[in-house]
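So you can see what is in the structure, the chains are spelled out below.
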Amino acid sequence: MSNPWDDWDHVLKVDPDKELRDGETFEDVCRTGTDAIEIGGTLDVTAEKMTRVVDAAAEYDVPLYQEPSNPGVVIDSPALDGYLIPTVFNAGGPFWITGAHKEWVRIDDLDWDRTHTEAYIVLNPDAAVAEVTDANCDLAADDVGAYAKVAERMFGQEIVYVEYSGTFGDTEKVAAAHDALDDATLFYGGGISDYESANEMAAHSDVIVVGDLLHDEGVDAVRETVNGAKDAHDD
Ligand SMILES: CC(C)=CCC/C(C)=C/CC/C(C)=C/CC/C(C)=C/COP(=O)(O)OP(=O)(O)O
Ligand SMILES: O=P(O)(O)OC[C@@H](O)CO
Ligand SMILES: [Mg+2]
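Residues numbered from 1 in each chain as written. Chains lettered and ligands numbered in written order. Predicted model: local features only at pLDDT ≥ 70, side-chain atom pairs only at ≥ 80, totals over all residues. Heavy atoms only, no water.

Student: Let's hear about the confidence of the model for the chain: which residues, and what values?
Tutor: Of all residues in the chain, 100% attain a pLDDT of 70 or more, and the chain-wide mean is 97. The complex prediction reports pTM at 0.98, with the ipTM value standing at 0.96. (pLDDT = per-residue confidence, 0-100.)

Quick look at the structure:
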């Protein structure tokens, strides 16, 4: 079965809790050449802030996905192509693996056709997501590869996400996850800041995710990362 992300090289992650650069608009954001926009962040996200971003991006034709950090921020909008729901394979306890999901399914009527999961392997211990989920980030490359294989083969995950949010990762660990997967799509996110870093990580993954750069440097810098990712996959 084919999935939209099979054809992606680049995802832009917009944090609803952060501002765009002065003078930049969501139209500019949607015209960076990214393949999809993921809307989410770990800290201080609310349904209201989510709605603001979804509404602002709705009229452009880039696919829009919500990535909720908890069930309380999920919004119901026809502008969304879907929901990418994290599950943190190396979380310190079950809540961020299946517990939050159980609570969500209990209280909400889910649109299953638009709901997909991302099997996160969180590797930057200083990131908010690592602290919130109490992730065990002390993993060697072969541990990372083994988690990726478990995610794909035992849990049927179609997306595995190596997450270094805030810092550029260890290419050996990213490559170990990539090598472990047959069909699942490997997302890599963390510290991508320019053409070179995008090009380098894209060589070890299927999709690179760019986050803070949008809020810190703006849309022109993001466009360079799109070029870096696409060039890596064209070679
Ligand atoms: C069941 C539902 C609907 C939600 C639960 C989803 C889960 C398990 C979330 C746990 C992991 C998490 C908080 C993911 C959020 C996405 C993410 C990693 C965003 C990046 O956040 P950071 O960049 O670390 O944080 P800030 O941008 O807020 O600093
Ligand atoms: O903000 P950065 O470091 O680009 O990370 C992107 C993304 O993986 C965060 O979830
Ligand atoms: Mg962030």
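Student: Please provide a residue-by-residue account of the side chain of Lys173, values included.
Tutor: Relative to the helices and strands, Lys173 is located in helix 6 (residues 171–180). Salt bridges are absent for the buried Lys173, whose nearest opposite-charge side chain, Asp170, sits at 4.3 Å. From its side chain, Lys173 meets the backbone oxygen of Leu139 in a polar contact 2.9 Å long. With near-sequence residues (within four places) excluded, Lys173 lies in contact with Leu139, Ala140, Ala141, Val144 and Tyr164. (Helix = DSSP H or I, 4+ residues; strand = E, 2+ residues; numbered from the N terminus. Buried < 20%, exposed > 50% of the residue type's maximum accessible area, 1.4 Å probe, protein only. Lys, Arg positive; Asp, Glu negative; His and termini not counted. Salt bridge = Lys/Arg side-chain N within 4 Å of Asp/Glu carboxyl O. Polar contact = N/O pair within 3.5 Å; in protein donor to acceptor, adjacent residues only side chain to side chain. Contact = heavy atoms within 4.5 Å.)

Student: I'd like a description of the sheet that holds strand 8 (residues 207–210), backed by residues and values.
Tutor: Backbone-to-backbone hydrogen bonds pair the strands of a sheet. The strands run either parallel or antiparallel. The strand order 1-2-3-4-5-6-7-8 describes a closed barrel built from 8 strands, whose pairing is parallel. The sheet shows a mean angle of 30° between the axes of neighbouring strands, direction not considered. Inspection of the sheet shows strand 3 (residues 64–66) paired to strand 4 (residues 82–88) by 2 bridges, in the parallel sense. Across the sheet, Gln66 pairs through a bridge with Tyr83, a residue of strand 4. (Pairing = 2+ DSSP bridges. Axes fitted to C-alpha atoms, helices over the stretch in contact; angles between N-to-C directions.)

Student: Explain the site of ligand 2 residue by residue, including any values.
Tutor: The environment of ligand 2 is formed by Lys13, Tyr161, Glu163, Ser165, Gly166, Gly189, Gly190, Gly191, Val209, Val210, Gly211 and Asp212. For ligand 2, an oxygen atom lies 2.7 Å from a polar atom in the side chain of Lys13. With respect to ligand 2, the backbone of Gly166 contributes an N or O atom lying 2.8 Å from an oxygen atom. Burial of ligand 2 by the surrounding chains reaches 93%, relative to a free accessible area of 310 Å². If you map ligand 2 onto the pockets, it falls in the largest pocket. Sorting the residues of the shell around ligand 2 by element identifies strand 6 (159–163) and strand 8 as the ones contributing at least two each. Class assignment for the residues of the shell around ligand 2 results in 3 nonpolar, 6 polar and 3 charged. (Near = heavy atom within 4 Å. Areas by Shrake-Rupley, 256 points an atom, 1.4 Å probe, with all protein chains shown as cover. 1 Å grid on protein atoms, 1.4 Å probe; cavity = no way out; pocket = protein on both sides within 12 Å on 5 of 7 lines; lining within 4 Å. Sits in = over half its atoms within 2 Å of the grid points. Nonpolar A, V, L, I, M, F, W, Y, C, P; charged D, E, K, R; others polar.)

Student: Tell me about the UniProt feature "binding site: sn-glycerol 1-phosphate" (unreviewed entry) in the chain, and please be specific about residues and values.
Tutor: Mapped onto this numbering, the UniProt entry gives "binding site: sn-glycerol 1-phosphate" (unreviewed entry) at Lys13, Tyr161, Val162, Glu163, Tyr164, Ser165, Gly166, Gly191, Gly211 and Asp212. Residues from the named set that contribute to the lining of the largest pocket are Lys13, Tyr161, Glu163, Ser165, Gly166, Gly191, Gly211 and Asp212. Among the structural elements, Ser165 can be located in the loop between strand 6 and helix 6. With a relative accessible area of 31%, Ser165 lands in the partly exposed category. Sequence-distant contacts of Ser165, that is, excluding residues within four places in its chain, are made with Asn124, Ala127, Gly189 and Gly190. Mapping Gly191 onto the fold places it in the loop between strand 7 (185–189) and helix 7 (195–202). Judged by relative accessible area, Gly191 falls into the partly exposed class, the value being 34%. (UniProt positions renumbered as here; feature names shortened; annotations may be inferred.)

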